[in-house]
Amino acid sequence: METVLGFDFGLKRIGVAVGNTLIKQAQPLTIISAATNEAKFAAIAELISQWQPGLCIVGLPRHPDGAEHEMTVRCRRFANQLHGRFDVATVLVDERYSSAVISHQRGDLIDDQAAAIILQQYFDDHTESES
């Protein structure tokens, strides 16, 4: 069993979720709202130190037709930085509809819930392939 952290990367906030490879249930963990990249990565460093994940999952946004856009490139860069800075395996997961399935009101912060959906999608995809 290993711990897995899921990330919903955004320019203003990064949603974080946690789960493990035994029960394969993602739970919202926290939302990182730091002003600078260094502050964001300092907060991520604390989470990685605390949870000791064997894997990080990063949501990869795309247009509905699958085409990439500016945030796709930024999320790839973020995933590469996670891997490079913390030496943790990182996997990208299509997140096209993660925020759309969360019922919320305007102004609600849902980044951690979106991260949990991304992580749960990873678990679900990998449970089916193992059956």
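- Under an unreviewed UniProt entry, the name given to the protein chain is Putative pre-16S rRNA nuclease, and the organism recorded is Herminiimonas fonticola.
- You can read under Sequence similarities (unreviewed entry) in the UniProt record for the protein chain the words "Belongs to the YqgF HJR family."
- Looking at the Function (unreviewed entry) heading of the UniProt record, one finds this comment for the protein chain: "Could be a nuclease involved in processing of the 5'-end of pre-16S rRNA."

Overview of the overall build of the protein chain
Logical step 1: Along the protein chain, the regular secondary structure elements total three helices and five strands.
Logical step 2: For the protein chain, the succession of helices and strands along the chain, N to C, is β-β-β-α-β-α-β-α.
Logical step 3: Taking all 131 residues of the protein chain together, 41% fall into the buried category.
Logical step 4: Sequence separation of at least 24 residues holds for 61% of the intrachain contacts in the protein chain that already meet a minimum separation of 6.

Examining the sheet that holds strand 2 (residues 14-20)
Logical step 1: An order of 3-2-1-4-5 is seen for the five strands of this open sheet, with the pairing classed as mixed. Sheet topology places strand 3 (27-32) and strand 5 (89-94) at the edges, where each strand pairs with a single neighbour. On average, each strand axis in the sheet is tilted by 25 degrees relative to the strand beside it, whichever way the strands run.
Logical step 2: Across four bridges, strand 1 (residues 3-9) lies against strand 4 (residues 55-60) in parallel orientation. The residue of strand 4 that forms the bridge with Val-4 is Leu-55.
Logical step 3: Against the sheet, helix 1 (residues 37-51) contacts strand 1, strand 2 and strand 3, and its axis sits at roughly 150 degrees relative to strand 3.

Overview of helix 1
Logical step 1: When the terminal C-alpha atoms of helix 1 are compared, their 21 Å separation across 15 residues agrees well with the 21 Å that a helix rising 1.5 Å per residue should span.
Logical step 2: Residues of helix 1 that are buried include every one of Lys-40, Phe-41, Ile-44, Leu-47 and Ile-48, and no others. Along the axis of helix 1, the buried residues cluster in a sector spanning 115 degrees; they form a single face. Along helix 1, the residues that are exposed and aim more than 90 degrees away from the buried face are Glu-38, Glu-46 and Gln-50.
Logical step 3: For helix 1, the secondary structure elements touched by its buried residues are strand 1, strand 2, strand 3 and helix 2 (70-86).
Logical step 4: Trailing helix 1 by a residue or two, Gln-52 shows a phi angle of about 50 degrees, which is positive.

Quick notes on the nonpolar core
Logical step 1: Leu-5, Phe-7, Ile-14, Ile-44, Phe-78 and Leu-82 are the most contacted members of the largest nonpolar core, which has 21 residues in total.
Logical step 2: Sorting the residues of this core by element identifies strand 1, strand 2, helix 1, strand 4 and helix 2 as the ones contributing at least two each.
Logical step 3: The leading source of residues in this core is helix 2, at five residues.
Logical step 4: Those residues within four positions of Ile-14 in sequence are excluded, and the remaining contacts are Phe-7, Asp-8, Phe-9, Thr-30, Ile-31, Ile-32, Lys-40, Ile-44, Phe-78 and Asp-111.
Logical step 5: One finds Ala-26, Val-93, Leu-119 and Tyr-122 within the second-largest nonpolar core, a separate group that totals twelve residues.

Thresholds, definitions, all that
- Numbering of residues starts from 1 in every chain and runs along the sequence as written.
- Under the rules for a predicted model, residues below a pLDDT of 70 receive no local features and side-chain atom pairs below 80 are neither given nor counted, while totals for whole chains, interfaces and linings still include all residues.
- In computing side-chain values, all of the structure's heavy atoms are included and hydrogens and water are not.
- UniProt positions are given in the numbering used here, feature names are shortened, and annotations may be inferred rather than shown by experiment.
- Here a strand is any run of E in DSSP of at least two residues, a helix any run of H or I of at least four, and the numbering for each starts at the N terminus.
- A 1.4 Å probe rolled over the protein chains alone gives each residue an accessible area, and that area as a share of the maximum for its type sets the label: buried under 20%, exposed over 50%, partly exposed in between.
- By definition in these notes, contact holds between two residues if any of their heavy atoms fall within 4.5 Å.
- Strands pair, by our definition, only if DSSP identifies at least two bridges between them.
- Axis lines are fitted to C-alpha atoms, over the contacting stretch for helices. Their N-to-C directions set the angle, which ranges from 0 to 180 degrees.
- Under the convention used throughout, the expected extent of a helix is 1.5 Å for every residue step, that is, one less than its residue count.
- The directions from the helix axis to the C-beta atoms form the arc being described.
- Put simply, a nonpolar core is a bunch of buried Ala, Val, Leu, Ile, Met, Phe, Trp, Tyr and Cys residues held in one set by side-chain atoms that sit within 4.5 Å of each other.

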